[in-house]
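# Fold and contact review
Spelled out, the chains give:
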Amino acid sequence: MSSMVFLNDDVTFFNVTSPNVTFPNVTFPNRTLNVTCTPEQQHPQHALYHLANICYIVSYLAPRGKRGLLFMHSLLILGFFLFAMWAWNIVCSPNIFSWNFFFVLLNLGQVLQILYSMRKVKLPLELEDIYRILFQPLQVSRLSFQKLVSPECAQMLNLHPGEAYAMQGLTRTDRLGLLIKGKANVISGQHFLHQIQANEFLDSPEFESSRSGVEEKFKVSIIATTPCRAVVWQRQSLEYLLIKETHLSNILALLLSTDITKKLYSMNDKMVTEKGSHLDIRLPSFTGSIASHEEAKKVTESVLGCREFVPLGANGLMQPLRTD
């Protein structure tokens, strides 16, 4: 039995006729990265190889959500790193090492991007309460809410007692306001309709009933009764944001619908017949149950308020008119 080995710088030839022949002193040069590989290193079935594949299997079992993505990419980083070590030290393959090291860097970038998106967004204290009460229960992320109240989309508005947010027949319905603190009264003509509290929209009915590009005026006046602070969105900028943020658009539509419903039910509490019973505004025509014109007048007065108001000056202050 004989064996021949021919080695040069480029090609290695083997002619082995005996299976028991070993070459303890033979090395295989890798001229690409000057790596020297010995026959003992040419065993691919190594623990690093199996550990890397186990990391891949576990990473693909990650749950949904950002935490699941973070878990998946972290295990992929570990798996590709083990494969890179296996390629460099075990099978001595620079190409396999290079590709796996590139995948390590790629997944590391994904991890950094996910961590950046998961950072806690700090909000002003006055907006923190709005987010906690209205938006957080509806699964709105802090990042989405920050976009909604950013200076590019919203402005802060301060109102002094007696100052008007909107005047009947004068102010255009091209904005939406959310009262952060304070109280405001809604007045139609000389009659008080209802009050707006903190964490309620100032003009949700007008915003929903009007359309973009159509100049419509307020049919009521909204007057601040205490120092008020509100966040105001212009219709055009708000609609542009909601086109891009569809989830936020659905949430805002739900909040506006809820706010309008509360305002309607607050008006319903004022609808009392002569017998003292409340009328239901959900009925198709509750006015048909009113027996006479005098009773209709009394119900209307109970809805609009029993006291009349007259304006004092141009600032919109209202004062009750005394009747003896």
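Definitions and limits used
Residues numbered from 1 in each chain as written. Predicted model: local features only at pLDDT ≥ 70, side-chain atom pairs only at ≥ 80, totals over all residues. Heavy atoms only, no water. Pairing = 2+ DSSP bridges. Helix = DSSP H or I, 4+ residues; strand = E, 2+ residues; numbered from the N terminus. Axes fitted to C-alpha atoms, helices over the stretch in contact; angles between N-to-C directions. Contact = heavy atoms within 4.5 Å. Patch = residues over 30% accessible without salt bridge, like charges linked within 9 Å, V, L, I, M, F, W, Y side chains within 5 Å. Areas by Shrake-Rupley, 256 points an atom, 1.4 Å probe, with all protein chains shown as cover. Salt bridge = Lys/Arg side-chain N within 4 Å of Asp/Glu carboxyl O. Buried < 20%, exposed > 50% of the residue type's maximum accessible area, 1.4 Å probe, protein only. UniProt positions renumbered as here; feature names shortened; annotations may be inferred. Core = buried A, V, L, I, M, F, W, Y, C linked by side-chain atoms within 4.5 Å. Expected span 1.5 Å × (residues − 1). Parallel < 35°, antiparallel > 145°, perpendicular 65-115°, else oblique. Nonpolar A, V, L, I, M, F, W, Y, C, P; charged D, E, K, R; others polar. Polar contact = N/O pair within 3.5 Å; in protein donor to acceptor, adjacent residues only side chain to side chain.

Strands sit in the order S5-S11-S7 across an open sheet of 3 strands; the sheet is antiparallel. Among the strands making up the open sheet, the edge pair consists of strand S5 (154-159) and strand S7 (175-181). Going across the sheet, the axis of each strand differs from the next one's by a mean of 30 degrees, ignoring polarity. Two elements, S7 and strand S11 (residues 228-234), share 6 bridges in a ladder whose sense is antiparallel. Each bridged residue has a counterpart across the sheet, and for Leu-176 the counterpart in S11 is Trp-233. Lying on the sheet, helix H4 (residues 125-135) is in contact with S5, S7 and S11; it crosses S7 at an angle near 105 degrees. Packing of helix H7 (residues 235-244) onto the sheet brings it into contact with S7 and S11, and relative to S11 it is tilted by some 65 degrees.

Judged by side-chain polarity, Leu-51, Ile-54, Ile-57, Val-58, Leu-61 and Phe-71 come together as a nonpolar surface patch covering roughly 580 Å² of accessible area. At 4 residues, the largest contribution of residues to the nonpolar patch is made by helix H1 (residues 47-59). On the basis of relative accessibility, which here comes to 44%, the residue Leu-51 falls in the partly exposed class.

Take the UniProt feature "transmembrane region" (unreviewed entry) in the protein next. Per the UniProt record, "transmembrane region" (unreviewed entry) is found at residues 69-90 and 96-116. Annotation note: span residues 69-90, helix share 95%, strand share 0%, distance between end C-alpha atoms 31 Å. Note that residues 96-116 is 100% helix and 0% strand, and that its end C-alpha atoms are spaced 31 Å apart.

Attention now goes to the environment of Ser-249. Considering the arrangement of structural elements, one finds Ser-249 in helix H8 (residues 246-268). When the C-alpha positions of Ser-249 and Glu-239 are compared, they lie 8.6 Å apart, and in sequence the two are 10 residues distant.

Backbone-to-backbone hydrogen bonds join strands into a sheet, with any given pair of strands oriented parallel or antiparallel. In spatial order, the strands read S6-S10-S8-S9; together these 4 strands make up an open sheet with antiparallel pairing. One side of each edge strand has no neighbouring strand; the edge strands of this open sheet are strand S6 (164-166) and strand S9 (191-196). Averaged over neighbouring strand pairs, the angle between their axes works out to 30 degrees when direction is ignored. Here 2 bridges tie S6 to strand S10 (residues 221-224), and the two strands are oriented antiparallel to one another. Within the sheet, the bridge partner assigned to Ala-166 lies in S10 and is Ile-222.

Scanning the entire structure with this criterion turns up 6 salt bridges. Among the salt bridges present, the one from Glu-126 reaches Arg-229, with a minimum N-O distance of 2.8 Å. Highlighted residues: Glu-126 in helix H4 and Arg-229 in strand S11, separated in sequence by 103 residues. By relative accessible area, which is 18% here, Arg-229 ends up buried. Residue Asp-129 is joined to Arg-132 by a salt bridge in which the shortest nitrogen-to-oxygen separation is 3.3 Å. Here the residue Asp-129 and the residue Arg-132 both occupy positions in helix H4, the gap between them amounting to 3 residues, near one helical turn. Among the residues examined, Asp-129 registers a relative accessible area of 34% and is labelled partly exposed.

Grouped together as the largest cluster of nonpolar side chains are 28 residues, with contacts concentrated most on Phe-135, Phe-145, Leu-148, Phe-201, Trp-233 and Leu-238. Elements that contribute at least two residues to this core include exactly H4, helix H5 (142-148), S7, S11, H7 and H8. Residues in contact with Leu-148, not counting those within four places in the same chain, are Phe-135, Cys-153, Ala-154, Trp-233, Leu-238, Leu-241 and Leu-248.

Helix length check: H8 (23 residues) gives 33 Å between terminal C-alpha atoms against 33 Å at 1.5 Å per residue, within 8%. Within H8, the full set of buried residues consists of Leu-248, Ile-251, Leu-252, Leu-255, Leu-256, Asp-259, Lys-263, Met-267 and Asn-268.

At a minimum axis separation of 5 Å, H7 and H8 run at an interaxial angle of 120 degrees. In terms of orientation, H7 and H8 fall into the oblique class. Each of Leu-238, Leu-241, Leu-242, Ile-243 and Lys-244 in H7 lies in contact with H8, whose residues at this interface are Thr-246, Leu-248, Ser-249 and Leu-252. Looking at side-chain class alone, the contact of H7 with H8 contains 6 nonpolar, 2 polar and 1 charged residues.

Moving on to the environment of Asp-259. For Asp-259, the location among the structural elements is in helix H8. Assessed through its relative accessible area of 6%, Asp-259 is described here as buried. Each residue touching Asp-259, except ones within four places of it in the same chain, is listed here: Glu-200, Phe-201 and Ser-204. Side chain to side chain, Asp-259 and Lys-263 meet in a polar contact 2.5 Å long.

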